[in-house]
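Chain by chain, the residues run as shown.
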Amino acid sequence: MYFIDVILPIPLEKFFTYRVSETEAEFLEPGMRVGVPFGKSKVYTALVFKVHRTPPEIYEAKEIHRILDESPIVNAFQLKHWKWMAQYYMCSLGEVFRSAVPSAFLLESETLILRNTSHEVDELALKDDEFLVFEALQHQSILKVHEVSSIVDKKNVLPVLHRLLQKKVIVLKEEMYEQYKPKLERFVKLSHAYRSEESLETLLESLTRAPQQSQVILSIFQIQGVSKKPIKTKELEKVSGASKAVIKALIEKDILEEYTIKVDRVNYEGEHEEYDVKSLNEYQQIALDDIHRNFNDKRVTLLYGVTSSGKTEVYVQLIENCIQLGKQALYLLPEIALTTQLITRLQAYFGEKVSVYHSKYNVQERIEVWNNVLAQKSKAQIVIGARSALFLPFSNVGLIIVDEEHEGSFKQFDPAPRYHARDAAIVLANLHDCNILLGSATPSIESFYNTRSGKYGLAEIKRRYGNVLMPEMELVDLKEQTRKKRMKGHFSERLLEEIQTALDEGEQVILFQNRRGYAPIVECSVCGHSPQCPNCDVSLTYHQYKKQLRCHYCGYHMALQESCQACGSSALDTKGFGTEQVEKELETLFPEAKTSRMDLDTTRGKHGYEKIITAFEQQEIDILVGTQMLTKGLDFRNVSLVGIMSADSLLNFPDYRAHERCFQLLTQVAGRAGRTKKRGKVIIQSYNPYHQILKQVTTHDYEGMFKEQMYEREQYKYPPKNRIIRITFKHKEYNRLNEAAEWFARGLRKAFGGSVLGPEYPPVARIRNQYLKNVMVKIPMGQSLSKTKSAIKRIEKSFDAVSQYRSVRVIYNVDHV
Ligand code: ADP
Ligand code: ZN
Ligand code: ZN
């Protein structure tokens with residue numbers, strides 16, 4: 001007897017075991033997919049983890065349905081990494097599997113059964129159960145496996161299906177498992193008959209009365225030049241200016257031949273210019289040498305280089321080195337920083353070797369990158385991607401770069417695995433024994449601390465490229481400006497002056513406001529009522545453009561009411577302001593300037609974000625208003641002024657990382673100013689201009705910020721001096737949630753005493769009709785993390801045994817909460 005342990009793409013604690021035949025056992029390898037039955041009627045795509053001969057003890061192993069791969073699609077490195085991830089982030093391997101592979105790899109569609117219409121059936125030769133299925137197919141053209149199961153009243157229907165197949169009564173519809181279809185592109189070429197000079201001349205002469213057709217023929221040579229590369233039909237249409245019909249006519253006359261080629265979707269259109277790798281300046285060179293030295297000592301290395309210091313060029317050198325050795329390179333970036341700007345820049349150096357792995361790409365494109373990485377194709381030798389690129393089937397990685405390593409969006413919050421991509425990348429690098437570089441102008445406290453404690457190596461670039469000065473920073477006291485009546489809307493006099501100067505000199509301006517919409521709160525000035533989301537405990541945000549009130553947590557929206565719903569008064573007022581309001585005010589303050597807005601509302605759709613960036617780059621926009629989307633690694637040439645509309649909301653966030661984040665965010669936005677030649681200017685408006693963090697931002701005092709934050713973290717027992725696990729409880733019934741969270745917390749306190757905080761409501765205590773409560777477990781450095789987790793898991797087991805708590809969701813976030 002032969003068995004396989006498989007990973008099912010669902011939250012199961014353990015592997016599940018299935019029976020396979022001897023031949024199947026010989027064929028199967030870890031990392032191949034199999035279709036398996038599960039529960040009463042479900043069929044899942046599962047991943048083989050191990051082939052063995054030990055039957056499961058508790059249950060009788062079922063047979064697999066079918067084998068889905070001819071060779072593994074997941075390699076041993078991945079399986080190891082995923083196991084670590086499940087263990088570390090307290091989720092199941094199945095959840096990691098589900099999140100790791102492109103969704104088309106996981107089709108759960110059940111096999112469909114159809115009547116075989118090409119074969120005459122001898123009804124008398126059918127056994128009873130066979131006849132039942134046959135009969136059902138007279139009434140219903142398609143049956144699913146579980147339907148067959150209830151028709152014949154048996155769990156295992158494979159034998160009957162098998163017999164029906166042999167008797168040619170049914171066929172199985174199997175395409176369901178493999179949805180991936182390669183894309184075909186149409187190409188044209190000149191027919192063989194016209195390849196010689198003379199025949200071509202005769203042809204062109206014969207076409208003198210059809211100028212469009214002869215233009216098409218000439219365009220072929222124009223496109224081809226001397227290279228004889230294949231010509232896309234589309235491209236020919238474009239270059240010749242001829243319509244589809246003209247080209248079709250030529251094909252029908254056998255002058256042109258059309259053919260199709262399977263192309264990779266991830267190919268880049270258009271030509272790329274070949275760039276030479278830039279030579280580094282002395283500061284970049286010193287940093288590069290330091291990085292190499294640290295790599296030789298096998299150390300994780302942090303590149304701390306101020307904004308616009310030329311970190312990307314240093315990465316380029318490292319990648320070049322890596323691919324010279326024939327190894328794969330992975331370049332991780334936060335989703336939003338993965339812009340065409342950067343991709344184009346890297347493609348300019350590395351051409352076809354660059355693949356992009358991105359959630360905005362469709363399933364087909366992702367599968368292609370997956371397969372290219374798996375096969376170690378040279379076109380995927382360099383992968384740029386967002387956090388999910390970590391899951392690709394690398395087998396020969398030489399270098400991992402985590403750019404903007406401080407970015408909070410490297411953390412996945414939902415669904416599980418709730419991992420941090422930077423930390424998971426470090427583990428991955430360790431598994432592959434490869435180099436890893438973290439890069440940032442504002443390193444996370446954790447990473448910088450690790451360089452201080454000697455755990456990581458450090459390389460620094462303290463000057464901007466070309467010796468451009470760091471932007472000049474100015475704080476504006478909004479309290480004083482308001483008192484002196486110097487405000488116009490949300491703009492101080494200073495900010496207005498500076499915008500005017502910039503516009504006069506033909507320079508561009510970026511304005512940052514960390515809130516979208518028009519105003520976060522609408523309030524009745526008579527009774528104080530403000531409209532709330534019915535599903536969440538938050539006020540609805542006013543979006544003036546659509547005259548709507550919207551919830552930013554669940555998407556609920558309603559039309560703005562003319563009068564207060566509580567008292568009927570029409571004296572409605574707004575509180576606070578968002579990007580939409582800033583944009584509106586600009587239109588009256590600077591009617592001549594072209595303004596635009598970049599936030600979640602204006603960047604929906606595949607290219608929304610790119611369009612705005614391109615328009616700004618090409619100076620079709622003078623003033624760009626936006627949320628933190630603006631901060632991510634953009635390199636604009638002509639921005640001389642950055643205005644922070646209000647720093648206050650960033651300062652008053654109830655989170656131990658709030659000050660660190662505020663420093664990073666403001667420094668990064670500020671870094672968009674004055675990246676070439678002229679020194680940039682940054683104006684920060686705030687009601688708290690004397691706040692320590694703002695001082696540190698304006699004096700570029702990262703070290704000061706670091707020291708102060710480290711002191712606070714130590715005092716209040718937060719990372720990096722402590723570890724934390726946050727446990728969130730979620731349920732739609734308020735009372736049950738409270739009881740459940742309290743029960744769990746009692747168990748935790750028994751095990752860990754005073755290092756358990758809560759249960760407490762988070763700032764938004766109800767989202768999508770689910771109440772939330774958090775418990776925080778702080779783990780001192782000396783205490784074993786894995787033992788702590790096992791203890792928590794044990795408490796969860798007894799928790800789940802309490803019937804009224806079973807429906808309460810328990811969610812773990814480790815390290816990053
Ligand atoms: P960072 O990523 O550190 O913010 P970038 O890599 O975007 O900085 O570099 C800032 C600007 O300086 C870019 O426009 C880049 O092309 C230019 N630059 C950086 N290094 C060099 C170099 N060695 N030679 C020429 N230009 C450079
Ligand atoms: Zn009212
Ligand atoms: Zn809501």
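Shown above is the structure to which this text applies.
On a predicted model such as this, the values are computed, not experimentally measured, just so you know.

A word on the coordination of the zinc ion (ligand 2)
Point 1. Distances from the zinc ion (ligand 2) to its protein donors, Cys524 (SG), Cys527 (SG), Cys564 (SG) and Cys567 (SG), fall at 2.3 to 2.4 Å.
Point 2. Coordination at the zinc ion (ligand 2) comes from 4 donor atoms whose angles at the metal span 104 to 112°, giving a geometry best classed as tetrahedral.
Point 3. Binding-site remark: the zinc ion (ligand 2) is held by donors from one chain whose sequence spacing is C-x2-C-x36-C-x2-C. Here Cys567 lies in the loop between β25 (557–559) and β26 (572–575) and Cys524 lies in strand β22 (residues 521–524), a separation of 43 residues in the sequence.
Point 4. Owing to a relative accessible area of 1%, Cys524 belongs among the buried residues under this scheme.
Point 5. A relative accessible area of 38% means that Cys567 is categorised as partly exposed.

Observations concerning the coordination of the zinc ion (ligand 3)
Point 1. Protein coordination at the zinc ion (ligand 3): the donors are Cys533 (SG), Cys536 (SG), Cys551 (SG) and Cys554 (SG), at 2.2 to 2.3 Å from the metal.
Point 2. What the 4 donor atoms of the zinc ion (ligand 3) show is an angle range of 103 to 113° at the metal, which sorts the shape as tetrahedral.
Point 3. All donors of the zinc ion (ligand 3) come from a single chain, and their spacing in sequence reads C-x2-C-x14-C-x2-C. One end of the pair, Cys533, is in the loop between β22 and β23 (541–543); the other, Cys551, is in the loop between β24 (548–550) and β25, with 18 residues separating them in the sequence.
Point 4. By relative accessible area, which is 3% here, Cys551 ends up buried.

Examining the sheet that holds strand β29 (residues 639–644)
Point 1. Strand order in the open sheet formed by 6 strands is β20-β30-β29-β21-β28-β27, and the pairing between neighbours is parallel. Both edges of this open sheet fall to β20 (472–477) and β27 (595–598), since each of them pairs with a single strand only. Neighbour-to-neighbour, the strand axes of the sheet open up by a mean angle of 20°, direction not taken into account.
Point 2. Taken together, the 4 bridges between β29 and strand β30 (residues 681–686) define a ladder with parallel strand orientation. What sits directly across from Gly643, in β30, is Ile683.
Point 3. Each of β20, β21 (508–512), β28 (623–626), β29 and β30 is contacted by helix α18 (residues 493–504), which is oriented at about 155° to β30, the strand it contacts most.

Describing the site of ligand 1
Point 1. In the neighbourhood of ligand 1, 17 residues make up the surrounding shell, with Gln284, Ser308, Lys311, Asp635 and Arg637 lying closest.
Point 2. Contacts to ligand 1 include Gly310, whose backbone N or O atom sits 3.0 Å from an oxygen atom.
Point 3. Within the side chain of Arg345, a nitrogen or oxygen atom sits 2.9 Å from an oxygen atom of ligand 1.
Point 4. Coverage of ligand 1 by the protein amounts to 85% of the 560 Å² it exposes when considered alone.
Point 5. Ranked by residue count, the leading element in the shell around ligand 1 is helix α12 (residues 311–324), at 3 residues.
Point 6. Along the lines of polarity and charge, the residues of the shell around ligand 1 split into 3 nonpolar, 7 polar and 7 charged.

Side note on the pairing of β22
Point 1. Here β22 shows one buried face, formed by Val522 and Cys524, and one open face, formed by Ile521 and Glu523.
Point 2. Inspection of the sheet shows β22 paired to β26 by 4 bridges, in the antiparallel sense. Paired with Val522 across the strands is Thr574, a residue of β26.

What to know about unusual backbone geometry
Point 1. Following Ala416, the chain continues into Pro417 via a peptide bond in cis, with omega recorded as 0°.
Point 2. Here the amide bond leading from Gly758 into Pro759 is cis, since omega sits at 5°, within 30 degrees of zero.
Point 3. Relative to the elements of secondary structure, Pro759 occurs in strand β32 (residues 756–760).
Point 4. You will see that Asn769, though not glycine, has its phi angle at about 65°, which is positive.
Point 5. For Asn769, the position within the fold is in the loop between β33 (766–767) and β34 (770–780).

Structural notes on the sheet that holds strand β15 (residues 354–357)
Point 1. Spatially, the 7 strands line up as an open sheet ordered β15-β16-β14-β17-β18-β13-β19, and their pairing is parallel. Because the sheet does not close on itself, it has two edges, and the strands there are β15 and β19 (457–461). Taken over all neighbouring pairs, the strand axes of this sheet differ in orientation by 20° on average, direction set aside.
Point 2. Note: strand β13 (residues 301–305) against strand β18 (residues 435–440), 4 bridges, orientation parallel. Across the sheet, Leu303 pairs through a bridge with Gly439, a residue of β18.
Point 3. Packing against the sheet, helix α11 (residues 282–296) makes contact with β13, β17 (397–403), β18 and β19, and its axis sits at approximately 175° to β19.
Point 4. Along the sheet, helix α16 (residues 445–452) contacts β13, β18 and β19; its crossing angle with β13, the most-contacted strand, is approximately 115°.

Describing the packing of aromatic side chains
Point 1. Scanning the entire structure with this criterion turns up 33 aromatic pairs.
Point 2. Seen from their ring centres, Tyr518 and Tyr542 are 5.4 Å apart, and the 70° between their planes marks the pair as edge-to-face. Of the two residues, Tyr518 is situated in the loop between β21 and β22 and Tyr542 in strand β23; the sequence distance between them amounts to 24 residues. There is no split in this pair, since Tyr518 and Tyr542 are both buried.
Point 3. Feature note: the residues Phe16, Tyr18, Phe38, Tyr44 and Tyr59 constitute an aromatic cluster, connected by ring pairs.

Notes on the environment of Lys787
Point 1. Tracing the sequence through the fold places Lys787 in helix α26 (residues 785–801).
Point 2. For Lys787, a relative accessible area of 64% puts it in the exposed group.
Point 3. Considered as a pair, Lys787 and Phe134 are 653 residues apart in the sequence and their alpha carbons are 57 Å apart.

So, helix α13 (residues 340–350)
Point 1. For α13, a buried count of 8 out of 11 residues is recorded, marking the element as mostly surrounded by other parts of the structure.
Point 2. Looking only at α13, the buried set comprises Gln341, Leu342, Ile343, Leu346, Gln347, Ala348, Tyr349 and Phe350.
Point 3. Close packing links the buried residues of α13 with α12, β14 (328–332), β15, β16 (382–385) and α20 (608–617).

Rules used throughout
- For every chain, the first residue of the written sequence is number 1, and numbering continues from 1 onward in sequence order.
- The lettering of chains begins at A and the numbering of ligands begins at 1, in the order of writing.
- At least 70 in pLDDT is required for a residue's local features to be given in this predicted model, at least 80 for side-chain atom pairs to be given and counted, and no such filter applies to totals for whole chains, interfaces and linings, which use all residues.
- Hydrogens and water are ignored here; the side-chain numbers use all heavy atoms of the structure.
- Any N, O or S atom lying within 2.8 Å of the metal counts as a donor, with the limit raised to 3.2 Å for Na, K and Ca; because water is left out of the atom set, some sites can appear incomplete.
- Under this scheme a four-donor centre is tetrahedral when all angles range from 85 to 135 degrees, a four-donor centre is square planar and a six-donor centre octahedral when opposite donors are above 155 degrees with the rest from 65 to 115, and any other centre is irregular.
- To qualify as a helix, a DSSP run of H or I must reach at least 4 residues; to qualify as a strand, a run of E must reach at least 2; elements of each kind are numbered from the N terminus.
- Here's how the labels work: a residue is buried when its accessible area is under 20% of the maximum for its type, exposed when over 50%, partly exposed in between, all with a 1.4 Å probe on protein chains only.
- Here, strands pair whenever DSSP counts at least two bridges between them.
- What counts as an axis is a line fitted to C-alpha atoms, over the stretch in contact for a helix, and the angles between N-to-C directions run from 0 to 180 degrees.
- Note on definitions: a residue-residue contact is assigned when non-hydrogen atoms from the two residues lie within 4.5 Å.
- The nearness test applies per residue and asks whether one of its heavy atoms lies within 4 Å of the molecule or strand.
- Think of a polar contact as two N or O atoms within 3.5 Å of one another; within protein, one of them needs to be a possible hydrogen donor and the other a possible acceptor, and neighboring residues in sequence only count if both atoms come from side chains.
- Only the protein chains shown count as cover for residues, with accessible areas throughout obtained via the Shrake-Rupley method and a probe of 1.4 Å.
- Charged means Asp, Glu, Lys or Arg here, nonpolar means Ala, Val, Leu, Ile, Met, Phe, Trp, Tyr, Cys or Pro, and polar covers whatever is left, Gly included.
- A pair of aromatic rings is counted whenever rings of Phe, Tyr or Trp (Trp by its six-membered ring) have centres within 6.5 Å, and the orientation is called stacked for planes under 30 degrees apart, edge-to-face for over 60 and tilted otherwise.

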